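Understanding the architecture of this molecule
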Amino acid sequence: MINFDFHKYASNYIKKEDKSLYLDKAREIKKRFLEGDLKYWNKLDTFVSSQELKKIVNMTDYIRSNCDVFIVIGIGGSYMGSKAVIEALSPMYNKKKPEIIFLGTDLCSEDYYETLEYIKDKDVIVNVISKSGTTLEPSIAFSLVMDVMKEKYSEEDLKDRVIITTDPEKGDLRELVNLKGYVSFTVPEQVGGRFSCLTPVGLLPIAVAGINVVKLIEGARLSYERVDRAIEYAVIRDIMFKKGKIIESFTVYNPKLYYFTEWLKQLFAETQGKDNKGILPISCVNTRDLHSLGQFLQEGNDIIFETVIGIDKDKKVALEKYDMELNSLNKIALDKVGLAHFNGHTPTNLITIDEKNEETIGELIHFFILTAIVGALLIDVNPFDQPGVQEYKKLISEELE
Ligand code: PA5
C-alpha cells in the first residue's frame, strides 16, 4: 500500500490555482489511460502473459538447481529494473544461490577480465537481454561470456545454458534463437527497455534471486487504481519545474533502495530528458548523503525539490539509549530533514510504503512508470523514445566500421 503526502513539506510551492491550469490536460491524459491509446499500460498482459509467467517460474527452478552463477547481460532498461528489485528485496548477507552477476553495463577490461576469470570454473547459465539485439555493450559481454562457455559446454549443453530475452520477431538475438534453438523470452513490442521491469526482462532474474514475481505483479496491479495520483504527482513535478526547481532528488532512507533510485533516474531521464526539456533526476541515500549533497539541498542553489520514498514498518532493532526502535529514529530523521530542507527552500513530496515487500515494490514500479509517461506528455515530448542514446551508439559504430 502506498501513501502520498504532497502537502506537508511542499505546500507553499503548489497553489490550487497552479494546479487548476492543468485540469484539461490532466482529464485528456486520464482518458487516454482509461480508454484510449495508453490503455495497455494498465493491463497485466501488456507486461507478461500468464503463459510466459508460468514459463519463467518453471525456468527459475531449473536455473536455481543447475548453476553456481547466473549471468544477466544487459544495459539500461534491460538490467536496471531487475537489479533494483533484487537489491531492494534480497538479504544483505547469505544471499540465496545461485550468485547473480550483472554484466554488459560497461566496456571496462578490468571488469571483464576479473569476471571471466571468476566464472571459468563455475557452472554458468547466462541470460542475455536486449530488445534491439544490437546494443554494443551487451553484445560484447555476450560474445566474451560465450567464449568461456564454449570451452566448457557442448553445443547441445548450451541449449540449456543460454537464455535470450529479446524482441518477439526481429533482431540478431532473435535470429540466434531461431538458429541455435536457445530458450527465449520476449520483450513485448510496445514496452521499451526502461518500462520492462515487469516483463520477462526483469522477472526472470528477479525470480532467480528467490523473489516472488507473482506477488510483484499483484502489487503492480494495485497501482492500476493510481492513475489520478500519478497525474497529480506529475503535475506537481511540472509546477515545481516551472518555479525554478529544475532538479529532482529521489531520496531514500534504506540503502537497499539505492538501485531503486538508479532505476528512477534512468526512467525519468530517458523518458523526459529530450528536446532541451525535462527535470534532471539525482538521488540521495540518507542519512549518508546528508553529509554530502544534503548541504546543497539545505543551503545551495535553490533549484532542487525532493521526492522521498519512506518505509513505515521495518525490522525491529531496539535502541535502549532513546527507549525506541531504530526505525522510529530513522522516521524522525526523515521528517525533520523534510522540515529542514523545506526551511532551506527545498520542498518534498513524500511517498510512503507501509513495508518493503514484493507487493509494495511492484506497486511503486508501476506508479512511477505511469508518472514518467504522464510527465513526458505534460511537456509534449515522446515518452517512448530515447534519440539521445542512439546518438552515441551511432558515433561508436561509425568508428568501428
Ligand atoms: O530504456 C531504454 O529503452 C534503454 O535504456 C534500453 O533499455 C537500453 O538502451 C538497452 O537497449 P536494448 O535492450 O535494445 O539493448
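1. Some points on the sheet that holds strand β6 (residues 183-186)
- Taken in spatial order, the five strands of this open sheet run β3-β2-β4-β5-β6, and their pairing is parallel. Two strands in the sheet have a free side with no partner beyond their single neighbour: β3 (99-103) and β6. Taking each pair of neighbouring strands and ignoring which way they run, the sheet shows an average axis angle of 20°.
- Looking at chain direction, strand β4 (residues 124-129) and strand β5 (residues 162-166) are connected through four bridges and run parallel. If you follow Val128 over to β5, its bridge partner there is Ile164.
- Packing against the sheet, helix α6 (residues 109-119) makes contact with β2 (69-73), β3 and β4, and its axis sits at approximately 150° to β3.

2. Observations concerning the packing of aromatic side chains
- For the structure on display, the rule yields 20 aromatic pairs.
- Relative to Tyr233, the ring of Phe6 has its centre 5.7 Å away and its plane inclined at 15°; by these criteria the two rings are stacked. Of this pair, Phe6 sits in the loop between β1 (2-5) and α1 (16-20) while Tyr233 sits in helix α12 (residues 227-242), and the two are 227 residues apart along the sequence. Considered together, Phe6 and Tyr233 belong to a single accessibility category, that of buried residues.
- In this structure an aromatic cluster arises from ring pairing among Phe4, Phe6, Tyr233, Phe250, Phe260, Trp263, Phe268, Phe367 and Phe368.
- Directly above the ring of Phe185 sits Lys55, whose terminal nitrogen or CZ lies 4.6 Å from the centroid.

3. Quick look at the domain arrangement of the protein
- Domain annotation for the protein reports domain 1 (2-36 + 219-383) and domain 2 (44-211).
- The gap between the C-alpha centroids of domain 1 and domain 2 is 30 Å.
- Taken together, the contacts link 23 residues of domain 1 with 20 residues of domain 2.
- For the domain 1 and domain 2 pair, buried surface summed over both sides reaches about 1900 Å², with 70% attributable to carbon and sulfur atoms.

4. Considerations on the pattern of salt bridges
- According to the stated counting rule, one finds 23 salt bridges in the structure shown.
- When the shortest N-O distance is used, the salt bridge between Lys274 and Asp385 registers 3.0 Å. One end of the pair, Lys274, is in the loop between α13 (258-272) and β8 (280-285); the other, Asp385, is in the loop between α16 (358-378) and α17 (387-400), with 111 residues separating them in the sequence.
- A residue is classified by how much of its surface remains accessible, and Lys274, at 8% relative accessible area, is buried.

5. Here's the deal with the nonpolar core
- Counting 88 residues, the largest nonpolar core has Trp41, Phe260, Trp263, Ile361 and Phe368 as the members making the most contacts within it.
- Among the elements that line this core, the one with the most residues is α16, at twelve residues.
- Residues from two domains meet in this core; each of domain 1 (2-36 + 219-383) and domain 2 (44-211) gives at least three.
- Other than its neighbours up to four places away in sequence, Phe260 contacts Ala84, Ile309, Ile361, Leu364, Ile365 and Phe368.
- Judged by nonpolar contacts, the second largest core, of 24 residues, contains Leu103, Val126, Tyr153 and Leu173.

6. Structural notes on the site of the ligand
- Around the ligand sit 14 residues in total, of which Ser78, Ser130, Ser132, Thr135 and Glu270 are the nearest.
- One of the backbone nitrogen or oxygen atoms of Lys131 is found 2.8 Å away from an oxygen atom of the ligand.
- The contact in question runs from an oxygen atom of the ligand to an N or O atom on the backbone of Arg194, over 2.8 Å.
- Here the ligand has 380 Å² of accessible area as a free molecule, and 93% of this is covered by the chains.
- Looking at the shell around the ligand residue by residue, the class counts come to one nonpolar, nine polar and four charged.

7. A look at the side chain of Thr251
- Along the polypeptide, Thr251 turns up in strand β7 (residues 247-252).
- Polar side-chain contacts of Thr251 include one of 2.6 Å to the side chain of Glu306.
- Setting aside anything within four residues of it in sequence, one finds Thr251 in contact with Cys284, Asn286, Glu306, Thr307, Val308 and Ile309.

8. Examining helix α4 (residues 50-66)
- If you check α4, its first and last C-alpha atoms are 25 Å apart, about what 17 residues at 1.5 Å a residue would give, namely 24 Å.
- The elements touched by buried residues of α4 are β2, β4, β5, β6, α10 (200-208) and α11 (213-222).

9. Some words on the sheet that holds strand β12 (residues 348-353)
- With mixed pairing, the five strands of this open sheet are ordered in space as β1-β12-β9-β7-β8. In this open sheet, the two edge strands, each paired with only one partner strand, are β1 and β8. Averaged over all adjacent pairs, the angle separating strand axes in this sheet is 20°, with direction ignored.
- Strand direction decides the pairing type here: β7 and β8, joined by six bridges, are parallel. Residue pairing across strands places Thr251 opposite Cys284, the latter belonging to β8.
- On the sheet, helix α15 (residues 326-343) packs against β9 (304-311) and β12 and is oriented at approximately 165° with respect to β9.

10. Section: α6
- Listed as buried for α6 are Tyr112, Thr115, Leu116 and Ile119. When α6 is viewed along its axis, its buried side chains cluster within an angular range of 95° and face the same direction. Pointing more than 90 degrees away from the buried face of α6 are the exposed residues Glu110 and Tyr113.
- Buried residues in α6 make contact with β2, β3, β4 and α7 (136-152).

About the cut-offs
Residues numbered from 1 in each chain as written. Predicted model: local features only at pLDDT ≥ 70, side-chain atom pairs only at ≥ 80, totals over all residues. Heavy atoms only, no water. Pairing = 2+ DSSP bridges. Helix = DSSP H or I, 4+ residues; strand = E, 2+ residues; numbered from the N terminus. Axes fitted to C-alpha atoms, helices over the stretch in contact; angles between N-to-C directions. Contact = heavy atoms within 4.5 Å. Phe/Tyr/Trp six-rings, centres within 6.5 Å; stacked < 30°, edge-to-face > 60°. Buried < 20%, exposed > 50% of the residue type's maximum accessible area, 1.4 Å probe, protein only. Lys NZ or Arg CZ within 6 Å of the ring centre and 35° of its normal. Domains from an automatic or database assignment. Buried area = accessible area lost by both parts, 1.4 Å probe. Salt bridge = Lys/Arg side-chain N within 4 Å of Asp/Glu carboxyl O. Core = buried A, V, L, I, M, F, W, Y, C linked by side-chain atoms within 4.5 Å. Near = heavy atom within 4 Å. Polar contact = N/O pair within 3.5 Å; in protein donor to acceptor, adjacent residues only side chain to side chain. Areas by Shrake-Rupley, 256 points an atom, 1.4 Å probe, with all protein chains shown as cover. Nonpolar A, V, L, I, M, F, W, Y, C, P; charged D, E, K, R; others polar. Expected span 1.5 Å × (residues − 1). Arc of directions from axis to C-beta.

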